[in-house]
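Architecture and fold: a report
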Amino acid sequence: MQKEALEKIRELGLPGKKVEDWYKFPTAKLGAYKSLEFIANKDIPVEIDDAANVERLSESGFQIADFEIEKENDISALLPLALGAKSFVKVVKAGASENGILKPHDEFSHTVFRIEKGAKVSLEILENKIERELSAERIDLFVEEDAEVELFSTEVGHANELKFRTIRVHQAKGSKVHILDLNRSDSLRRTSVEDYLEGEAADFGYRALNILRGSAAEHDFVRVSHQAPKCPSRQFIRNLLSETASVNYDGGVIAGANCPGTDSSELVNTILLSDDARIHVKPTLKIFHDDVACSHGNTVGSLDRESLYYLQSRGIDKKHAEELLIEAFAKDIIAEHPFEPGKQRLAKVLAETFLR
Amino acid sequence: MLSIKNLKASLLDGTQILKGINLEVKPGEIHAIMGINGSGKSTLAKVISGHPAYQVDEGSVELDGKNLLDLEPNERANEGFFASTQYPIEIPGVPNVEFLRMALDSKRAYLKEGPISDEEFNKRLNEAMELLEMDDRYRTRGLNDGFSGGEKKRNEILQMAMLLPKYSFLDETDSGLDIDALRIVSNGINHLHSQNRAVILVTHYQRILDMVKPDFVHVLMHGKILLSGGPDLALKLEKEGYDWIEGA
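A brief look at the structure comes next. These numbers were taken from a predicted model, which means no experiment stands behind them.

Right, let's talk about the overall build of chain B for a bit. Tallying secondary structure elements over chain B gives 9 helices and 12 strands in all. Split into buried and exposed, the 248 residues of chain B put 53% on the buried side. In chain B, the share of contacts with a sequence separation of at least 24, taken over all contacts with a separation of at least 6, comes to 67%. Accessible surface, chain B: about 10,600 Å² in total, of which carbon and sulfur atoms supply 48%. Here chain B carries 28 positive and 38 negative side-chain charges, and the mean point of each set is 1 Å from the other.

In structure tokens:
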């Protein structure tokens, strides 16, 4: 697997400014990272040592082909595999119910879950406490029929770190996967999510709240591929950006030819709290069937003047009225997240964040 | 006393809406302001409460001797001026009760009183909600979030009941209310009105004035109060309209 990933990543090379999937990402900076030099310079040796890893994956029923390395176009997804990250592999048995944490200890990490039929799993991604120049984590989820998975994180991050987070999800009939992410990081982060709705009525949600300040930047690249009938998918992003923080959201939905009853939505709401904060949104819809409902929306603004006035006219001073509105805007992200553990965790973190 | 003298105000683009309002409201009085659409009734409430879409060109608004126009909107509210808007805004994510608590504590802090105790707050809230026949759904929902027109108006009176302002300017509180809701809201206003608390009621219809009896009725047209009288004036307006008023 490592050999295939190494060959593929070198074939792709470091993305440049003109690579559409890395639109707005400061790709010029990538060349400066020592740990990425092996991509462009094939003379730099990379030891292939993943036999034990492949064997372990195989024991849990995974084949190299499951990771679709040959189709992968994102170097951040290939990076942990190419550098031989040891895969953490877990199979949650049919009907089981588990709560767990994912905590990467290394710069490059790979986590693989198979969630068998009807199992229910809640996973919190904890951040690596060690500050590094660059880190990359990849999570692969194979979700079987009627299984439910929640994946959530409440990241603070490290100021000078470049972080890649890759999530690849394959969903069978009737399965449900919802990701909830609170990002308060000071760093440069790229999150790449691809979800394949392969069975009828599989349900996917991606909700993210970015509360960024300083020079923090979040680059989200999300693709939801509807490959079966009657699948709902939701992308709901809220951004609170101050100072020179920025978010670039590239969200795409593909409704395949065999997907009647597709119901997808993509909504990005941003409040810019400073003149220099930036938001770029790029929604993409590729629709190959007539019977689909696909919507996308994007709003950008400052705090609503009428709402501020209303709160002030009831005696609340401007500073507290602004805080109340910001908090309400932020908390809305968890309202429709369907799983309690993530919902409660984010509610707690947000209550601490907005402690008055 | 609330004393409005020669109040002139414009939209930020310079369009003048209020062209010299003069009005005095004493504690305990009920005033009704009537007039055709677009005459400046809602603007008057917004200008006094400090809406950012308007600028004051001239005049003063004094509440017990303090010029409200020199104060921030929250300070005007905490001095005792309450403006209920015609279309209360929805603010999802701000729980109704949390908002009421914050507004009340803001007023108490402004008046240099300590925060209200949980017990006292809940007692007042329960009493006010009972008065306005409001159920528990109002507690947990976001501020006016998904409320019907009538529910929003009732929620405005709930705020009035919790904040107990000296002067309440209720802008078309009766519009959009069914018969039962009008009775409930009117009961609430009558209950909250007292020797110390005055009400200024903007309305187009006599029906609310049958329940909330005004001491004075004013006709506001073209940005000015053109005529003032007693309760009979509202009856005459209901019957004859506004065409007979000089300057209309």
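Bringing the side chain of asparagine 210 of chain A into the picture now. Residue and element names in this part refer to chain A. Along the chain, the position of asparagine 210 falls in strand β10 (residues 203-212). What makes asparagine 210 buried here is its relative accessible area of 0%. In this structure the side chain of asparagine 210 is engaged in a polar contact, spanning 3.3 Å, whose partner is the side chain of asparagine 183. Filtering out sequence-adjacent residues up to four positions away, asparagine 210 remains in contact with Asn183, Glu218, Asp220, Ile237, Arg238, Asn239, Leu240, Leu241 and Val247.

All names here are of chain A. If you trace the 8 strands from one edge of the open sheet to the other, you get β2-β4-β6-β8-β10-β12-β14-β16, paired in parallel fashion. Two strands bound the open sheet, and with one partner strand each, they are β2 (97-102) and β16 (292-301). Taking each pair of neighbouring strands and ignoring which way they run, the sheet shows an average axis angle of 5°. Where strand β14 (residues 262-272) lies against β16, 10 bridges are found, and the strand directions are parallel. Paired with aspartate 263 across the two strands is alanine 293, which belongs to β16. Across the sheet, helix α7 (residues 340-353) is in contact with β2, β4 (120-125), β6 (148-155), β8 (176-183) and β10; its angle to β6 comes to roughly 15°.

Now for the interface of chain A and chain B. Contacts between the two partners involve 18 residues from chain A, matched on the other side by 32 residues from chain B. At the boundary of chain A with chain B, total buried surface from both sides reaches about 2,100 Å², with 63% on carbon and sulfur atoms. Area buried by chain A at its contact with chain B is led by Tyr309, Tyr310 and Arg314 of chain A, which between them contribute 38% of it. Inspection of the region where chain A meets chain B yields 1 salt bridge. The residue arginine 314 of chain A makes a salt bridge to glutamate 156 of chain B at a minimum N-O spacing of 2.9 Å. Where chain A touches chain B, the interface holds 9 residue pairs in polar contact (both at pLDDT 80 or more). Going through the elements one at a time, α5 (305-312) and α6 (318-331) of chain A are the ones with two or more residues in the side of chain A that touches chain B.

The rules we used
Residues numbered from 1 in each chain as written. Chains lettered and ligands numbered in written order. Predicted model: local features only at pLDDT ≥ 70, side-chain atom pairs only at ≥ 80, totals over all residues. Heavy atoms only, no water. Helix = DSSP H or I, 4+ residues; strand = E, 2+ residues; numbered from the N terminus. Buried < 20%, exposed > 50% of the residue type's maximum accessible area, 1.4 Å probe, protein only. Contact = heavy atoms within 4.5 Å. Areas by Shrake-Rupley, 256 points an atom, 1.4 Å probe, with all protein chains shown as cover. Lys, Arg positive; Asp, Glu negative; His and termini not counted. Charge placed at Lys NZ, Arg CZ, Asp CG, Glu CD. Polar contact = N/O pair within 3.5 Å; in protein donor to acceptor, adjacent residues only side chain to side chain. Pairing = 2+ DSSP bridges. Axes fitted to C-alpha atoms, helices over the stretch in contact; angles between N-to-C directions. Buried area = accessible area lost by both parts, 1.4 Å probe. Salt bridge = Lys/Arg side-chain N within 4 Å of Asp/Glu carboxyl O.

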